[in-house]
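Okay, here's what each chain looks like letter by letter:
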Amino acid sequence: NGDIQIISSVARMLELVVPLIEHPSETFLAQLEEDSMKLILQHDRPIVASCLSCLGSVVNNVTRNFELIRDCFKKYYDYLAQIKMWLSTDTGTDALANIKRRQYFRRALFIVGLLLRHFNFNDSEVVGELPNNIKDLVFELFSFFLQQDDQDIQANTLKAIGSICIRHYEFMLESDLKSFYHRMLTSDDAPLTMKSEVLINIEMYLLDSTLITAQITPTRYPTYRLSTSTYGFNKDEPLASYQVIHC
């Protein structure tokens, strides 16, 4: 538990500091990317979430090494597509009967969701050779898992969808997802864990839409932007000075 907190805190510190370093060593950046990816592939969710957030800051703002991100994405997305194919067959109910396969499935859902949260898969530089509509394909894939009659699949898919909707808020307005959320919250038969996951997703979305991120300009002055586009504001446009209150 202590080790997890230490690694997560260090990742958070690097996430904030590295983009501010002038002319960081290429060796240092390459080692940071490699170590972050190893932790993402091998460790539990708290460390995975911290390291992916760190990697998002470093790759988006400094190295632009989106090939590394695509390789990680493709590894897990292809596995999820394979699971969908198995579940679509007559014998598909046994697709996740194996414990290790189910654990890997949960990891894949979690990581793909976070990748779409921290990286802009609308950007051609990020997408690369992947289909241009890859984020829509991921949402369709997750929607398929959400309709499975398996609470474990549904709960883990909900976590992943919550991550996607933070950046791609338009998915929150999809009729199927709204209907699912409404059904979970209003049904007396819905498990409390599912109700909780739905509320967590909504809370995450609302909180992130009000978070402000600081960026340093080439002249070394800070600018402020919303971390997520919201009504009346564009996350790609800096906020005016009167729109930011410093506490």
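Predicted, not measured: the structure shown is a model, and the values here were computed from it.

Describe the nonpolar core, listing the residues and the values that go with them.
Residues Phe73, Phe121, Phe142 and Phe145 are the most contacted members of the largest nonpolar core, which totals 58 residues. A total of 10 residues in this core trace back to one element, the largest contributor, which is helix 4 (residues 66-87). Once residues lying within four places of it in the same chain are set aside, the contact partners of Phe145 are Leu80, Ile83, Lys84, Leu87, Phe105, Leu109, Ile153, Gln154 and Thr157. One finds Ala11, Leu32, Cys54 and Val58 within the second-largest nonpolar core, a separate group that totals six residues.

Run through the layout of surface pockets, naming residues and quoting values.
Over the atoms rolls a probe the size of a water molecule, and its path tells where empty space is left. Quantified by volume, the second largest pocket comes out at close to 230 Å³. Lining the second largest pocket are Ala49, Phe110, Leu114, Arg117, His118, Lys159, Ser163, Glu197, Ile200, Asn201 and Met204. Among the secondary structure elements, those contributing two or more residues to the lining of the second largest pocket are helix 5 (99-118), helix 8 (151-167) and helix 10 (192-208). Here the lining of the second largest pocket is built from residues that sort into five nonpolar, three polar and three charged.

Requested: an account of the confidence of the model for the protein, with residues and values cited.
The predicted model of the protein has a mean per-residue pLDDT of 86, with 83% of residues at 70 or higher. Ranking the helices and strands of the protein by mean pLDDT puts helix 7 (residues 134-146) first, with 95, and strand 1 (residues 212-216) last, with 54.

Conventions adopted
- Residues numbered from 1 in each chain as written.
- Predicted model: local features only at pLDDT ≥ 70, side-chain atom pairs only at ≥ 80, totals over all residues.
- Heavy atoms only, no water.
- Core = buried A, V, L, I, M, F, W, Y, C linked by side-chain atoms within 4.5 Å.
- Buried < 20%, exposed > 50% of the residue type's maximum accessible area, 1.4 Å probe, protein only.
- Helix = DSSP H or I, 4+ residues; strand = E, 2+ residues; numbered from the N terminus.
- Contact = heavy atoms within 4.5 Å.
- 1 Å grid on protein atoms, 1.4 Å probe; cavity = no way out; pocket = protein on both sides within 12 Å on 5 of 7 lines; lining within 4 Å.
- Points joined across faces, edges and corners; volume = space filled by probe spheres on them.
- Nonpolar A, V, L, I, M, F, W, Y, C, P; charged D, E, K, R; others polar.
- pLDDT = per-residue confidence, 0-100.

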